[in-house]
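Report on the structure
Each chain, letter by letter, is given below.
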Amino acid sequence: VKDHIARLNPTAVIWPNQRMREDAGGRGKVVYHHARPFQPINPIRERILTVGYEGSANYVEEWAPTIAAECKRIGAAFMVNPPRLADVDVVLAVRGKRYGGYSQQHYKSNVKLANAHATGTPFIGLRECGYTETATGAERFIDGRDGLRDALESLLDYEVRKDVAVRFRAAERTIEEAANETLEVLRAARC
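Just so you know, these numbers come straight off a predicted model, no measurement behind them.

The next subject is the overall build of the protein. Scanning the protein from N- to C-terminus turns up 9 helices and 7 strands. Here the protein has a C-alpha radius of gyration of 18 Å; the compact-globule value for 191 residues is 16 Å, and the two agree. Along the first, second and third principal axes, the C-alpha atoms of the protein reach 60 × 35 × 25 Å. Classification of the 191 residues of the protein by burial places 41% in the buried group.

Pasting the structure below:
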């Protein structure tokens, strides 16, 4: 990518996260992904009834036995691609090793976390740069399947999840914010 950008010599480059920008030579601006607009806010139920994942079921296939066991342990169901993020009590942002690598871990956007923030839905995810760079401190980051139990355990308390929701909602990244940042880059590039 670094060589390609040098060859093209664009007037502007927009990156999904700081790590990708740095790896590609440090040129350009980071514009983090926004949340989907008009999502309902999570009501934060008394207990965790549903753990959810948005994305291709293939990505979590390796995690299926662990997710099933942990959901059974806490009396929750697991749902892939819920109709609304607010329909789940905890959202997972994980992928199997087959679908992970340097680029996935370091270059993917923060979109899943942005949606969790906007809806106030507690989040458990892998330590991907897009997530860690936009974290509030209320996220639960794990390094592999072994961490899922502790992360879920830390969210069982209703008051904890309510606090997470408040912190997440305060960090909502709107489409307007992302659009304004993109416009700034485009305006500067006209020179």
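This is not the end of the story, as more comes after the structure.
Counting 31 residues, the largest nonpolar core has W63, F123 and I124 as the members making the most contacts within it. Mapped onto this core, the elements with two or more residues apiece are β3 (50-53), α3 (64-74), β5 (90-93), α5 (111-119), β6 (123-126), β7 (140-142), α7 (148-154) and α8 (158-170). Top element by residues in this core is β5. It accounts for 4 residues. Those residues within four positions of I124 in sequence are excluded, and the remaining contacts are V90, V91, L92, A93, R140, I142, L148, A151, L152 and L155.

Applying the stated criterion across every chain yields a total of 4 aromatic pairs. Consider the rings of Y59 and Y99, whose centres lie 4.7 Å apart with planes at 65°: the pair is edge-to-face. Of the two residues, Y59 is situated in the loop between β3 and α3 and Y99 in the loop between β5 and α4 (102-107); the sequence distance between them amounts to 40 residues. Owing to a relative accessible area of 33%, Y59 belongs among the partly exposed residues under this scheme. Pairing Y102 with Y107 gives two aromatic rings, centres 5.7 Å apart and planes at 85°, and the pair type is edge-to-face. An aromatic cluster is defined as three or more aromatic residues linked by ring pairs; in this entry it consists of F123, Y131 and F141. Above the ring of W63, the side-chain terminus of R145 is found at 6.0 Å from the ring centroid.

Parameters at a glance
- Residues numbered from 1 in each chain as written.
- Predicted model: local features only at pLDDT ≥ 70, side-chain atom pairs only at ≥ 80, totals over all residues.
- Heavy atoms only, no water.
- Helix = DSSP H or I, 4+ residues; strand = E, 2+ residues; numbered from the N terminus.
- Rg over C-alpha atoms; globule rule 2.2 N^0.38 Å.
- Buried < 20%, exposed > 50% of the residue type's maximum accessible area, 1.4 Å probe, protein only.
- Core = buried A, V, L, I, M, F, W, Y, C linked by side-chain atoms within 4.5 Å.
- Contact = heavy atoms within 4.5 Å.
- Phe/Tyr/Trp six-rings, centres within 6.5 Å; stacked < 30°, edge-to-face > 60°.
- Lys NZ or Arg CZ within 6 Å of the ring centre and 35° of its normal.

Nothing here speaks to function; it is geometry throughout.
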